[in-house]
Every structure is written in structure tokens, then in C-alpha cells.
Amino acid sequence: MTAIEVAEDFAQDAHLFAAMLRAGGPVRRVRMPRGLDCYVVTDFALARALLADSRLHKDNRRAYELFEAKFPAGATNQGGSGEALGRHMLNTDPPDHSRLRKLVNKAFTGRTVARLRPRIEEITTELLDALAGQERVDLLPSFAAPLPITVICELLGVAPEDRTEFSAWSKTLLSSSTPEDAQHAAQSMLSYLTGLVEQKRAEPAEDLLSDLVHASDDGDSLSQDELISMAFLLLVAGHETTVNLIANSVLALLREPGQLALLRADPSLMPGAVEEFLRFDGPIHLATLRFTAEAVEAGEVTIPAGEFVLISLLGANRDDERFPDADRLDVTRAAGGHLAFGHGIHYCVGAPLARLEAEIALAGLVARFPGLALDAKPDELRYRYSSLVHGLEALPVRLR
């Protein structure tokens, strides 16, 4: 199968990119902008099946070996510090994955997360109060970003003065940056998290990272490397997903005033609307990299062993076979079963927290500012250059 060359700016219209691929078949071989050959899946049923297929592996070390075999020296974006940060449960297979996930699951159950509601509501109110009186703002740095960053940093025990720098490193690592910038951000992140883990070991506090440092389950505990990479995963995934979920949801509503009016008329629709926002324009574009441990039949395509596979979560969630009229936003739609948080053993552990934050943030925003409107033409908005996160660079709005 000949690889389709992917344009450098494919992230600027990720839904069109997915639709074009799907038009040629549910599984397509593509060459990504930096030369990676892989198979991209856009069909909902196949995507759901492959996300839970044990023949698709995520082991970090083996993935780097495959990269080295496929790329000339220096072609990858990370290596070194980046590889060390990637040794977390999202990049492991059973039995290691099962052990790591068991140690963090309790912190993100629906019941545990529900206890955070009062604090999330308090932070939301503070941010909305700060916006009051302003006429025009960029909603990303003023609202969509600080809420989840504050919540996850408080949960893990990251000092307020460190959050801005940490967020900048995260953005560099998850966007298409130069190898030099990515390596610098990874090294800075690694050094910071190493110090943070040591601090929690010496002076434990009432936070999740301290609990993980001192965790023991049936005599098991996390190694130093596992602690650092787990802290990286929870901090980065714990805010990046929700930042983009909030911003993408606001944009979707501002482009569909009728749907915004429905939410204002009946705020009880918000929990279900969040599921529709996740389906319609979710925060993750292509799921994290998998590779075939053996040949895999995917529809009419045989993916050979040792090939990289990318699951298009955006594409799967716009599959008309699963969600009729999928390109239409409908806050009354029964959107449950979408793949925005993945599926299978790697289903997002922070999904309950992201849902709660989005529900509170969006409900507060639309109630506080009845004159909320987009302060730019839709085609002027730019998306981050990333194959992983689907997020805007800025979201200029008028508040009144």
C-alpha cells in the first residue's frame, strides 16, 4: 500500500484530514510530515476494536527501537530526556501497565473526583470574576488554561510559582517543535520533576504525588524512574486535555448560537452536552502511538508486524455509521460511547476529572456572560501544530 504524504499543516483542519482519509478507506497508510510511515484508522468500529487489541503494543523501549530502525540518526523529536519521561503507564503493556495503573486508579474514581467539585467551582468563580468588566479577552490564557492547570497542580502538589514554566514546557513537548526545543523542554521537565519527587520523598504533604512516592499496594511501589514519568503523565495529561476540551467546546457553541441558546435555556443539559463536545471536537487528534507485535487484519488491510498505528479519535467520532449526521453539533444527542478518552486498558484515567472541570467551567461561563461572542472570523483561528493534541493557539472573544 502506497503511503499518502501528509501536509505539514494538516492539523489546521483535522476533521477534513480525517474525512479525506476515510473517503479512501477506513485504514490508510500515510507518511507524516517528519517522515514517519504509519497506518491511520478513521472508522469508529475498527478504531474501537484496535484500541483494545492486545496485538497492538505501546512499550516505550520497543517503540524507540522501531524509531531507530526506521529513521536516520537524530530524526526523532525526543530521545534522552524525552525517552525517560515516556516510561509511564500510557506507554507500557501488561503486566507492567496493570501494576502501574492499579497504584493511581483510586485517585481518579468518580467518587473521589466528585469531592473536588467545591474547589473547582471556587477556582472557576475566581477566574470569571477576573474577566468581569473586560470587553475582549483571549479565553485560552485567561480561563480555559488556568482552571485545569490549577486543579491538577493542587492535586499533585506543584507550587503555584512553578506552574507557568511547567505549562510552557508541556506545550513545547506536545506541539510540533524543533528537536532542539523539544529536547530542551524535556530536559527541563525531567530535572524539575526529579527535584519534585525528591522533595515529596523528604517532606511528604497531603497531595497525590506524595501518596504515589510513598504508595504501596501488596508490597509494590513505584521506582524512581516510574515516579518521575508518572508525575509527567498526570501533570501534562491532567491539564492539556481539559484546556483544549473547554476551548474547543466554547468555539463550537459560538459557531452554533442555537445550541448555545438551548444550554442557556436548560442548564441541566450540560453534562450530556459535554459528551457531545467530546465527540464533536475532542481535545485529542491522533491517539498516542501503537505498533503491531504481529500482523493484524484491519478491515480489508493487513498491517504487517513492526508497523506504527495511529487511531484518529477525531475521525472515529465523526463516523456517520456510529453517529448519524456526525458533523452536526447537537447538545441533546446521546453521545455516550465516543472515543475521545480512548478505549480499553489505556482509557484515560483522568476522564472523570476532565468531565467535571468542563461541566463547571462551561456552565459558569455561559451563565455569566450572555453576550459572549467570537472576536475573530473562524478561518482566522489557528490550531497548534500537533498530531496528538487538537487545540487552538488562541480564542479571542467578546464578553459583552
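Note: the structure precedes this text.
Predicted, not measured: the structure shown is a model, and the values here were computed from it.

A. Inspection of the sheet that holds strand β10 (residues 373-374) at higher detail. Pairing within the open sheet is antiparallel, and its 3 strands lie in the order β5-β11-β10. This sheet does not close on itself; its edge strands, each paired only once, are β5 (136-138) and β10. As defined by bridge partners, β5 adjoins strand β11 (residues 396-398) across 3 bridges and the pair is classed as antiparallel. From the neighbouring strand, Asp138 faces β11, where its bridge partner is Pro396.

B. Expanded view of the packing of aromatic side chains. Tallied over the entire structure, the rule returns 7 aromatic pairs. Among the aromatic residues, those joined into a ring-pair cluster are Tyr64, Phe67 and Phe308. Here the basic side chain of Arg322 rests over the ring of Phe44, its NZ or CZ set 5.3 Å away from the ring centre. The lysine or arginine in question, Arg322, covers the ring of Phe323, its NZ or CZ lying 4.4 Å from the ring centre.

C. Highlighting the pattern of salt bridges. Inspection of the entire model under this criterion finds 23 salt bridges. As a salt-bridge pair, Glu65 and Arg62 come within 3.3 Å of each other at their nearest N and O atoms. With Glu65 and Arg62 both in helix α3 (residues 60-70) and 3 residues apart, this pair spans about one turn of that helix. Given a relative accessible area of 46%, Glu65 falls into the partly exposed group. On the accessibility criterion, Arg62 (36% relative accessible area) is partly exposed. Between Arg328 and Asp330 there is a salt bridge; the shortest N-O distance is 3.7 Å.

D. View of helix α11 (residues 179-202). Taking 1.5 Å per residue, 24 residues should reach 34 Å; α11 reaches 34 Å between its end C-alpha atoms and fits that length. For α11, the full list of buried residues reads Ala182, Ala185, Ala186, Ser188, Met189, Leu190, Tyr192, Leu193, Leu196, Val197 and Lys200.

E. Just unusual backbone geometry, in detail. A cis amide bond, omega 5 degrees, links Pro94 with the succeeding residue Pro95. Take Pro95: it is sitting in the loop between α4 (81-85) and α5 (96-104). One non-glycine residue, Asp325, adopts positive backbone phi at about 55 degrees. Within the element layout of this structure, Asp325 appears in the loop between α16 (313-317) and α17 (351-368). The class for Asp325 is partly exposed, based on a relative accessible area of 44%.

F. Here's a closer look at the sheet that holds strand β6 (residues 290-292). In space, the 6 strands of this open sheet follow the order β1-β2-β3-β9-β6-β4, with mixed pairing throughout. For this open sheet the edge positions go to β1 (4-5) and β4 (56-57), each flanked by a neighbour on one side alone. Here β1 pairs with strand β2 (residues 27-31) via 2 bridges, running parallel. For Glu5, the partnering residue across the bridge sits in β2 and is Arg31.

G. Quick peek at the pairing of β2. In terms of residue burial, β2 counts as a mostly covered element, since 4 of its 5 residues are buried. Handedness of the crossover is the feature at issue here: the chain leaves β1, passes through helix α1 (residues 14-23), returns alongside β2, and the resulting connection is right-handed. In the sheet, β2 pairs with strand β3 (residues 37-41) via 5 bridges, with the strands oriented antiparallel. Its bridge partner lying in β3, Val30 is registered against Cys38. Counted along the chain from β2 to the antiparallel partner β3, the turn is 5 residues long, and its residue Gly35 has a positive phi close to 100 degrees.

H. Molecular detail of α17. Relative to the 26 Å expected for 18 residues at 1.5 Å per residue, α17 spans 26 Å between its end C-alpha atoms, a close match to the ideal helical length. Inspection of α17 places Ala351, Leu353, Ala354, Leu356, Glu357, Ala358, Ile360, Ala361, Leu362, Gly364, Leu365 and Val366 among the buried residues, and these make up the whole buried set.

I. Representation of the side chain of Ser229 in the model. Counting through the fold element by element, Ser229 comes out in helix α13 (residues 224-255). If we skip the residues at most four places from it in the chain, Ser229 touches Ala84, Leu85, Arg87 and His88.

The rules behind each value
- Residues numbered from 1 in each chain as written.
- Predicted model: local features only at pLDDT ≥ 70, side-chain atom pairs only at ≥ 80, totals over all residues.
- Heavy atoms only, no water.
- Pairing = 2+ DSSP bridges.
- Helix = DSSP H or I, 4+ residues; strand = E, 2+ residues; numbered from the N terminus.
- Phe/Tyr/Trp six-rings, centres within 6.5 Å; stacked < 30°, edge-to-face > 60°.
- Lys NZ or Arg CZ within 6 Å of the ring centre and 35° of its normal.
- Salt bridge = Lys/Arg side-chain N within 4 Å of Asp/Glu carboxyl O.
- Buried < 20%, exposed > 50% of the residue type's maximum accessible area, 1.4 Å probe, protein only.
- Expected span 1.5 Å × (residues − 1).
- Right-handed = clockwise from strand over helix to strand, strands pointing away.
- Contact = heavy atoms within 4.5 Å.

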